[in-house]
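Topology and contacts: notes
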Amino acid sequence: VQLQASGGGLVQTGGSLRLACAASGRTFSNYVMGWFRQAPGKEREFVASISRSGTGSIYADSVKGRFTISRDNAKNTGYLQMSSLNPEDTAVYYCAASFRVISSTQRNANYYDYWGQGTEVTVSS
């Protein structure tokens, strides 16, 4: 499956952005989806994951209550709604998909088979 992330940009502290991840090539609903991010000089970290059906989701503690992951399998697209953004959220955000994950969601990046190219989010103070 090919993934294309979009929606990043420059936003002020307290603002919102919605990232999208368009999938093509395979049946999107067969894949667990995740969002990860990598800030300058830091390692990639887990942000959120959503089950194949969209009924289950998990979040990193740092974004819980501010970010919402969702998906529209009919449109082969996943989303990450980000609110109350702060400068610590500045990073390149990557969407990822996993076919082999047995559980409904997954925090570990090593279990993801396909990755989008990343979309940059910058939050100014």
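The structure under discussion appears in the preceding block.
All figures in this text were calculated on a predicted structure; none of them were measured in a lab. Residue positions are counted from 1 within each chain, in the order its sequence is given. Residue-level local features of this predicted model are given only where pLDDT is at least 70; pairs of side-chain atoms are given and counted only at 80 or more, and the full residue set underlies all totals for whole chains, interfaces and linings. Just so you know, side-chain values use all the structure's heavy atoms and leave hydrogens and water out.

A word on the overall build of the protein chain
Helical segments are the DSSP runs of H or I of at least four residues, strand segments are the runs of E of at least two, and each set is numbered from the N terminus. Each helix and strand in the protein chain was counted, giving zero helices and eleven strands. Going from the N terminus to the C terminus, the protein chain shows its helices and strands as β-β-β-β-β-β-β-β-β-β-β. For this measure, only C-alpha atoms enter the radius of gyration; the expected value for a globule follows 2.2 Å times N^0.38, where N is the number of residues. The C-alpha atoms of the protein chain give a radius of gyration of 13 Å, which matches the 14 Å a tight globule of 125 residues would have. When a residue's accessible area, from a 1.4 Å probe over protein chains only, is under 20% of the maximum for its type it is buried; when over 50% it is exposed; and in between it is partly exposed. In the protein chain, buried positions account for 45% of the 125 residues. Contacts in the protein chain between residues at least 24 apart in sequence constitute 60% of all its contacts with a sequence separation of at least 6. Using a 1.4 Å probe, accessible areas were evaluated by the Shrake-Rupley method; residue-level cover was limited to the displayed protein chains. Accessible surface, the protein chain: about 6200 Å² in total, of which carbon and sulfur atoms supply 46%. Taken together, the 12 basic and 8 acidic charged side chains of the protein chain have centroids lying 8 Å from each other. Note on definitions: a residue-residue contact is assigned when non-hydrogen atoms from the two residues lie within 4.5 Å. By the counting rule applied here, Lys and Arg register as positive and Asp and Glu as negative, while His and the ends of each chain are not counted. A single reference atom marks each charge: NZ on Lys, CZ on Arg, CG on Asp, CD on Glu.

Some words on the pattern of salt bridges
Oppositely charged side chains can pair when the atoms bearing their charge come close. By convention in these notes, a salt bridge is any Lys or Arg side-chain nitrogen within 4 Å of a carboxyl oxygen on Asp or Glu. Going through the model one piece at a time under the given rule, you end up with five salt bridges. For Lys 64, the salt bridge is made with Asp 61, and the minimal N-O distance between the two is 3.2 Å. A salt bridge links Asp 89 to Arg 66, with the nearest nitrogen and oxygen atoms 2.7 Å apart. Linking Asp 89 in the loop between strand 8 (77-82) and strand 9 (91-98) with Arg 66 in the loop between strand 6 (57-59) and strand 7 (67-72), this pair joins segments that are 23 residues apart in sequence. Side by side, Asp 89 and Arg 66 carry an identical accessibility label, which is buried. Among the charged side chains, a salt-bridge network with shared partners connects Arg 37, Glu 45, Arg 66 and Asp 89.

What to know about the sheet that holds strand 1 (residues 2-6)
Whether two strands pair comes down to DSSP finding at least two bridges between them. On the basis of which strands lie adjacent, the open sheet formed by four strands has the order 1-3-8-7 and antiparallel pairing. Of all strands in the sheet, those bounded by a partner on one side alone are strand 1 and strand 7. When the angles between neighbouring strand axes are averaged without regard to direction, this sheet yields 15 degrees. Two strands pair when backbone bridges link them, and strand 1 and strand 3 (residues 17-24) are joined in this way by five bridges, in the antiparallel orientation. Paired with Ala 5 across the bridge in strand 3 is Cys 21. Each axis is a line fitted through C-alpha atoms, taken for helices only over the stretch in contact, and angles between the N-to-C directions span 0 to 180 degrees.

Re the environment of Asn 108
Within the secondary structure, Asn 108 sits in the loop between strand 9 and strand 10 (114-115). Under this definition, polar contacts are N or O atom pairs within 3.5 Å; protein pairs additionally need one hydrogen-donor-capable and one acceptor-capable atom, and for neighbouring residues in sequence, both atoms have to be side-chain atoms. Of note is the side chain of Asn 108, whose polar atom sits 2.8 Å from the backbone nitrogen of Asn 110.

Observations concerning the packing of aromatic side chains
Stacked, edge-to-face and tilted labels apply to pairs of Phe, Tyr and Trp rings (six-membered ring for Trp) whose centres lie within 6.5 Å, assigned for plane angles under 30 degrees, over 60, and everything in between, in that order. This structure, assessed with the given rule, holds six aromatic pairs. A centroid spacing of 5.1 Å and a plane angle of 55 degrees characterise the contact between Phe 36 and Trp 115, whose relative ring orientation is tilted. With Phe 36 in strand 4 (residues 32-38) and Trp 115 in strand 10, the pair connects residues that are 79 residues apart, well separated along the chain. Joined through ring pairs, the aromatic side chains of Phe 36, Phe 46, Tyr 112 and Trp 115 make up one cluster. The ring of Trp 115 has Arg 44 sitting right over it, with the charged end atom 4.3 Å from the ring centre. In this scheme, the term charge over a ring applies when either NZ of a lysine or CZ of an arginine sits within 6 Å of the ring centre and within 35 degrees of the ring normal. Over the ring of Phe 28 we find Arg 71, and its NZ or CZ is 4.3 Å from the ring centre.

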